[in-house]
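Take a look at the letters that make up each chain.
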Amino acid sequence: MTAVPAVERAPRPVPAPPREYHFPRFERRTLANGMQLVVARVPKLPLATVVVLIDAGAVCDADGAEGTAQLTAKMLLEGTDSYDGAELAERFERLGASIEASADWDAAAITMTTLVERLPDAFDLLGDVLLTPAFRERELERLKAERLAELLQLRAEPRGLADELFAKFLYIPGSRYARSEGGDEASVERIDRQSVVEFYQRRYLAGGTTVVVAGDVTIDRAEGLVDRAFGKWEGRARERVLADTRPARRDRAVHLVVKPDAPQSELRIGHVGIPRNHPDFFPVNVMNALLGGLFNSRINLNLREAHAYTYGAFSGFEWRRQAGPFVIHTAVKSDITDAAAREALFEVDRIRAEAVTPDELSLATNYLTGVFPIRFETTTAIAAALAVLSLHELPEDYYDRYRDNVAAITRESVFAAAQRYLDPAAFQMVVVGDPNTVRAPLEAMQFGPVLLYDVQGKPLA
Amino acid sequence: MRIPIETFRLQNGLFVSLSEDHTAPIVAVNLWYHVGSANEPTGRTGFAHLFEHMLFQGSADVQANEHFELVQRAGGTLNGSTWLERTNYFETLPSKQLELALRLEANRMGALLPAMTQQKLDTQRDVVKNERRWSMDNQPYGSWLEKLPALCFPAEHPFHHSLMGSMEDLTAAGLDDVAQFFATFYTPDNAVLSIAGDFDRTEALRLVERHFGPIPRGGRKPPLPDMSLPPVFGQWKREVVPDDVMLPRLFLAFRSPAFGTDAYYPASVCGAILGLRNGSRLKRRLVREREVAAETTAFTFDLAKGSDLLVVDVTARPGVPAEQLEQEVALEIDALVRDGVTDAEVERAVALIQTMFVSSMQEAGERADKLSLFATYFGDPNRLNEEVDRYRAVTTAQVNDFVVERLGENNRASLVYVAREDAPGELVGSGAEAEER
């Protein structure tokens, strides 16, 4: 190389006032049957995304019947009174409509994206899906078998396994959060057509449902479509179901899930976090960005760029209506599992011991405010954001005030958030890895007792 | 939907595509270098990808890790990726920050080597080895991405070897390799730059010229060998891989027309008929009706040189052995060859592809990436505006011609994953062996 472009040393961005941006305007209406309708007009391309959000998440599962919420949501697309599952899929897809139904902890959601010219036909089908699901026995048995296949696969898949078992070891036994979102072998086996029908009748109610439409559609047109598709739906909202978020134990422990000869250890460290609708959401979010949320976070720079222990190391709060987990997650070469855990713990101690630097703080706040418009380029992303608003009962001006709220965060509020919402004394550590390599070093760390489990989470002697 | 596109070429050969869209104050910058794992010299498998990591380690005027920091501090997202034929680098930022992205990209294109050190290389080598462990070695079925091309392309073909690379080759790579690879392939005449979103074209061109203009043109790039292959394998290739898995899984590959050729589109539609979403043929037959599969999908590698691969990917239901899974899939493919596809199936596939395409064009980053793709492979980013029409023009007869020509027994390659304990004795531990059938 000879010639080099004339670039000034350290090309720092010159702060310039960003062009004005606002989150898409939206309107909310309550329909005669109690459904909420939220519409954001996004005329950029001839597309629309519809999210139907139903208060029928996995927290509503009965004790011993975990997995009912997810199976019920998936069964909606497996046939109506008019069409069997294959016909229904074909009808949606010949309209070019992509459609998915699922249930997470807090809600069931059907998400559909299609070209606007096909929206009326797609909406009519959607009405059938929600109002006249057939819940055919054969399709249910097939979905149950597919769930059992997923659970079987999980035993050999260290990443998913570590996530699942981390939750199991974190929450008090009996908490819905301690059991798999989609149910386990025992609970899924017990679910039959009757339990799905009853779950549908109890939780799928017009009154507990929000329809979000984002795309090249006016609210009047959307209301007409929703009214035609869902107008006959009835039912008043029921009380929300709450999960027990108490931790399983007060002292620290290492939960070592045995995977002989694993070349890497999947590592999780964390504790019960805070709910999404928490007054300290913003300082906690900025604090986490610096601890392990960004590529240039302390944990990733330490474990990846300084030590080359891993391809990536991150931390995060899982945001639910109630306190989801806070977790540091990474996969590291087996023989340095203890060293990697020590460095991650060191970074937690450090962010709790002294305030972050002004430079670090501005990295996180500039990033979070700057990427804000980039997060909402698509109708899918806008509809999902509006669903979050409804689900967590955030203020209507939440997105308008978001960047101001981030910009108002100070080093002191980050420091306070680290001290208040990170509690190393309560950490649980999960390692899915090779016991011959990792057990002795983990014991030598004196983090807590090292308990051994098989891949189903059953204690080993 | 018509996307505005303007193209330019700098004196040094850099090809530039611009696509304005002022709906949001966002701009995407996207660079494709026409180099991938196919260009790796012997004994250096995985080097193109390791080199991609090195591009985030700073350049003459940028400190290590500063690239990430500067873009994120500016409120942008960024990444890079390596594929068989190309390596790409991209940022999406607030539109005011266009110059930052251009400066960073130009600085590493023009002056990477002053920042390269042995320590950085050693660190990234270990990071990449951990990426390999994470994505392949400690992941059920993770080795498919290196075993399938190895099975489908002849040993001397540039698509044959592993993109992620062997641990031995990664260990062997040195700073001299970095210097040579950079000088050979990371030149303006071997790259395309695309900018999409909210910018002023005159200003953008001025900035591009200012930052990229002084970078000298490269020397001669070693040509790839002839990539063309016969239209079919000429046999049914087969490999059984005993792995730490709970369920058998079959990757059934067919040699298919190169990406972007006229013959590619019927092949792509055929893939969507077989494996795209819930109404696809394999889902209906193998998951719903026969109840032998837990999951099915189909996809193309989208290789633009020589020939592409169409791949059907099917995971067994618990209790269904690998041999039965393979037979059931073969019966479906045989039925397809015998009876062909219907108009309704073509209509479904094209409608879904159209919605997906329009949907993806909402994102500035995706528009820029597609401009770079068509510029790199065909020198013509305007192909982006022809995509939907090309798919809509596909006829049932064309798909059926493709099916007859390419899905027969003389053009199949089965990569079969089985649980270690279920593997036939003589195969255990010899996963790399291919056998014919």
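Position labels on residues start from 1 in each chain and follow its written sequence. Here the convention is simple: chains get letters from A, ligands get numbers from 1, in the order in which they are written. It should be noted that, the model being predicted, local features are given only for residues of pLDDT at least 70 and side-chain atom pairs only at 80 or more, the latter also being counted only at that level, while totals for whole chains, interfaces and linings use all residues.

Undergrad: Which residues make up the packing of helix α3 (residues 98-110) of chain B against helix α8 (residues 201-212) of chain B, and what values do they have?
TA: All names here are of chain B. Axes here refer to lines fitted to C-alpha atoms; in helices the fit is confined to the stretch in contact. Angles between the N-to-C directions go from 0 to 180 degrees. The numbering of helices and of strands both runs from the N terminus, where a helix is a DSSP run of H or I of at least 4 residues and a strand a run of E of at least 2. In the contact formed by α3 and α8, the axes pass within 9 Å of each other and the chain directions differ by 25°. Classified by the angle their axes make, α3 and α8 are roughly parallel. Pair α3 / α8 crosses with right-handed handedness. Contacts between α3 and α8 involve L98, E99, L102, R103 and A106 on the former and, on the latter, A204, L207, V208, H211 and F212. Each residue receives one of three labels: charged for Asp, Glu, Lys and Arg, nonpolar for Ala, Val, Leu, Ile, Met, Phe, Trp, Tyr, Cys and Pro, and polar for the others, Gly being one of them. Each residue belonging to the contact of α3 with α8 can be placed in one class, and the counts come to seven nonpolar, one polar and two charged. In these notes the angle categories are as follows: under 35 degrees is roughly parallel, over 145 is roughly antiparallel, 65 to 115 is roughly perpendicular, and the rest is oblique. Each crossing gets its handedness from the near helix: less than a right angle anticlockwise from the far helix is left-handed, clockwise is right-handed. Note that contacts rest on C-beta atoms placed from the backbone: two residues are in contact if these are within 7 Å.

Undergrad: Account for the interface of chain B and chain A, naming residues and giving values.
TA: Counting from both sides, the interface comprises 70 residues of chain B and, opposite them, 67 residues of chain A. Going through the elements one at a time, α2 (66-73), β5 (87-94), α3, α4 (118-137), α10 (281-289) and α12 (343-360) of chain B are the ones with two or more residues in the side of chain B that touches chain A. For the side of chain B that touches chain A, the leading source of residues is α12(B), giving nine residues. Considered class by class, the residues forming the side of chain B that touches chain A number 31 nonpolar, 21 polar and 18 charged.

Undergrad: Can you tell me about the domain arrangement of chain A, naming the residues and giving the values?
TA: Residues and elements named next belong to chain A. Residue ranges for the domains originate in an automatic or database domain assignment. When the domains of chain A are assigned, the result is domain 1 (26-230) and domain 2 (253-385 + 394-453). Measuring from the centre of the C-alpha atoms in domain 1 to the corresponding centre in domain 2 gives 30 Å. Each side of the interface is counted separately: domain 1 has 21 residues, and domain 2 has 20 residues. Of all the secondary structure elements, the ones that give two or more residues to the side of domain 1 that touches domain 2 are β3 (47-54), α5 (158-170) and β6 (209-215). Here the side of domain 1 that touches domain 2 gets nine residues from one element, more than from any other, and that element is α5.

Undergrad: I'd like a description of the environment of B:V208, backed by residues and values.
TA: All names here are of chain B. Secondary-structure assignment places V208 in helix α8. Here the C-beta atoms are placed from the backbone, and a residue counts as buried if at least 20 other C-beta atoms lie within 10 Å of its own, exposed if 12 or fewer do, and partly exposed otherwise. Here V208 falls in the buried class, since 23 other C-beta atoms lie within 10 Å of it. Placed 87 residues apart in sequence, V208 and E295 show a C-alpha to C-alpha distance of 47 Å.

Undergrad: So, the confidence of the model for chain A: which residues are in play, and what are the values?
TA: pLDDT expresses, on a scale from 0 to 100, how confident the predictor is about each individual residue. This prediction gives chain A a mean pLDDT of 94; 96% of its residues lie at or above 70. Between residues 1-11 of chain A, whose pLDDT stays under 50, and residues either more than four places distant or in other chains, the model counts 25 contacts.

Undergrad: Provide a residue-level description of the environment of A:P24, including the pertinent values.
TA: Residues and elements named next belong to chain A. Along the chain, P24 falls in the segment before β1 (26-30). Residue P24 is classed as partly exposed on the basis of its C-beta count, with 18 C-beta atoms lying within 10 Å. Expressed as a C-alpha distance, the spacing of P24 and I172, which sit 148 residues apart in the sequence, is 41 Å. Among residues more than four places away in sequence, those in contact with P24 are A40, V42, F376 and I382.

Undergrad: With reference to specific residues and values, describe the sheet that holds strand β4 (residues 77-82) of chain B.
TA: Residues and elements named next belong to chain B. In this analysis, strands are considered paired if DSSP registers two or more bridges between them. Taken together, the six strands give an open sheet; going across it, the order is β1-β2-β6-β3-β5-β4, and neighbouring strands pair in mixed fashion. The open sheet has two edge strands with one neighbour each: β1 (6-9) and β4. On average, each strand axis in the sheet is tilted by 15° relative to the strand beside it, whichever way the strands run. Sheet analysis places β4 next to β5, joined by six bridges and oriented antiparallel. Following the sheet pairing, G80 is matched in β5 by Y89. Here helix α13 (residues 364-378) sits on the sheet in contact with β2 (15-20), β3 (26-33), β5 and β6 (191-197), set at roughly 30° to β3.

Undergrad: Could you give an account of the sheet that holds strand β5 (residues 108-115) of chain A, with specific residues and numbers?
TA: Residues and elements named next belong to chain A. An order of β1-β2-β6-β3-β5-β4 is seen for the six strands of this open sheet, with the pairing classed as mixed. Since the sheet does not close on itself, it has two edges, and those belong to β1 and β4 (98-103), each with one partner. Between one strand and the next, the sheet's axes are offset by a mean angle of 15°, whatever the strand orientation. Looking at chain direction, strand β2 (residues 36-41) and β6 are connected through six bridges and run parallel.

Undergrad: I'd love a proper account of α10(B), names of residues and values included.
TA: All names here are of chain B. Within the sequence span of α10, burial applies to R281, L282, K283, R285, L286 and V287. Structurally, α10 contributes buried residues whose contacts are with α9 (264-275), β9 (293-300), β10 (307-316), α11 (322-339) and α12. Count one or two residues on from α10 and you reach E291, which has phi positive near 55°.

Undergrad: Mind laying out α5(A), listing which residues take part and the relevant values?
TA: Residue and element names in this part refer to chain A. The span expected for a helix works out to 1.5 Å for each residue beyond the first. Under the 1.5 Å per step criterion, the end-to-end length of α5 is 18 Å for 13 residues, consistent within 8% with the ideal 18 Å. Across the 13 residues that make up α5, a large majority, eleven, are buried. The set of residues buried in α5 consists of P158, L161, A162, D163, E164, L165, F166, A167, K168, F169 and L170. Buried-residue contacts for α5 involve α4 (137-154), β7 (253-258), β8 (264-272), β10 (325-333) and β11 (428-433).

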